[in-house]
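Descriptive structure summary
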Amino acid sequence: MTEIAILGGGCFWCIEPIFKALQGVEDVTPGYAGGHVDNPSYEQVCTKTTGHIEVVRVEFDPQVIDYATVLRVFFASHDPTTLDRQGADVGPQYASAIFCQSPAQREVAESLIKELQAETGQAIVTRLLGAETFWPAEDYHHDYFARNPYQGYCQAVISPKLAKFRKQYAHLLRGHTPGGV
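Residues numbered from 1 in each chain as written. Predicted model: local features only at pLDDT ≥ 70, side-chain atom pairs only at ≥ 80, totals over all residues. Heavy atoms only, no water.

Structural notes on helix H6 (residues 152-168)
When the terminal C-alpha atoms of H6 are compared, their 24 Å separation across 17 residues agrees well with the 24 Å that a helix rising 1.5 Å per residue should span. A maximum bend of about 40° is found in H6 at Ile158, where proline Pro160 lies one to four positions downstream. Residues of H6 that are buried sit in contact with helix H1 (12-20), helix H3 (67-76), strand E5 (89-90) and helix H5 (144-147). (Helix = DSSP H or I, 4+ residues; strand = E, 2+ residues; numbered from the N terminus. Expected span 1.5 Å × (residues − 1). Bend = angle between axes of the 7 residues up to and from the residue. Contact = heavy atoms within 4.5 Å.)

Put into structure tokens, the structure is as follows:
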């Protein structure tokens, strides 16, 4: 049985390939959550008036990767100390947010946030929100990095982020065998 995590960590193009690379992740879908407009378009979300956050919906097998590990990867894949901003991407649609799908998910998220704040000495501004309707993004956003690896934004922003992630979390990557060759 799979579990769902809905996470906003800046541009969904940046975090989708990270979660797709993890063992135990069965599906990753970019989209929008948290707003007041039904089935919003990317253009509407970019107006900063719909209340939506760019998110990824991560479907994972908790027998392979637990929710706490999913969140550790999430926190390592973006800057959870900047409000409504990830690098040059600025606006409420780029908020750091966790849409908790259950009270248990909220407890894990709260605990990890406290742990991170103690470790870093910095305030974590990640919003803990309840389960909201998830609206899938338009098809051209799906697998954006995989389809456009040489596009400027992908080269300048996503590639370095993905390389750092792969180095830090090599043991969690698909195809990795513990102690393997």
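A few points about the pairing of strand E6 (residues 96-99)
With burial as the criterion, each face of E6 is covered, one bearing Ser96 and Ile98 and the other bearing Ala97 and Phe99. Relative to E6, strand E1 (residues 3-9) is paired through four bridges, and the arrangement is antiparallel. Across the sheet, residue Gly8 finds its bridge partner in E6, namely Ala97. Pairing geometry for E6 and strand E7 (residues 127-129), over three bridges, is parallel. (Buried < 20%, exposed > 50% of the residue type's maximum accessible area, 1.4 Å probe, protein only. Pairing = 2+ DSSP bridges.)

A closer look at the nonpolar core
Membership of the largest hydrophobic core comes to 46 residues, with the highest contact counts inside it found for Leu7, Phe19, Leu71, Phe75, Ile98 and Phe165. Sequence-distant contacts of Leu71, that is, excluding residues within four places in its chain, are made with Leu7, Ile98, Val108, Ala109 and Leu112. (Core = buried A, V, L, I, M, F, W, Y, C linked by side-chain atoms within 4.5 Å.)

Some words on the sheet that holds E1
Taken together, six strands build an open sheet; the order of strands is E7-E6-E1-E3-E2-E8 and the sheet is mixed. Two strands bound the open sheet, and with one partner strand each, they are E7 and strand E8 (134-136). Direction aside, the axes of adjacent strands within the sheet are offset by 35° on average. Of the strands in this sheet, E1, strand E2 (25-33) and strand E3 (53-60) touch H1, which is tilted by about 165° from E2. Where H3 meets the sheet, its contacts fall on E1, E3 and E6, and the angle it forms with E1 comes to roughly 15°. (Axes fitted to C-alpha atoms, helices over the stretch in contact; angles between N-to-C directions.)

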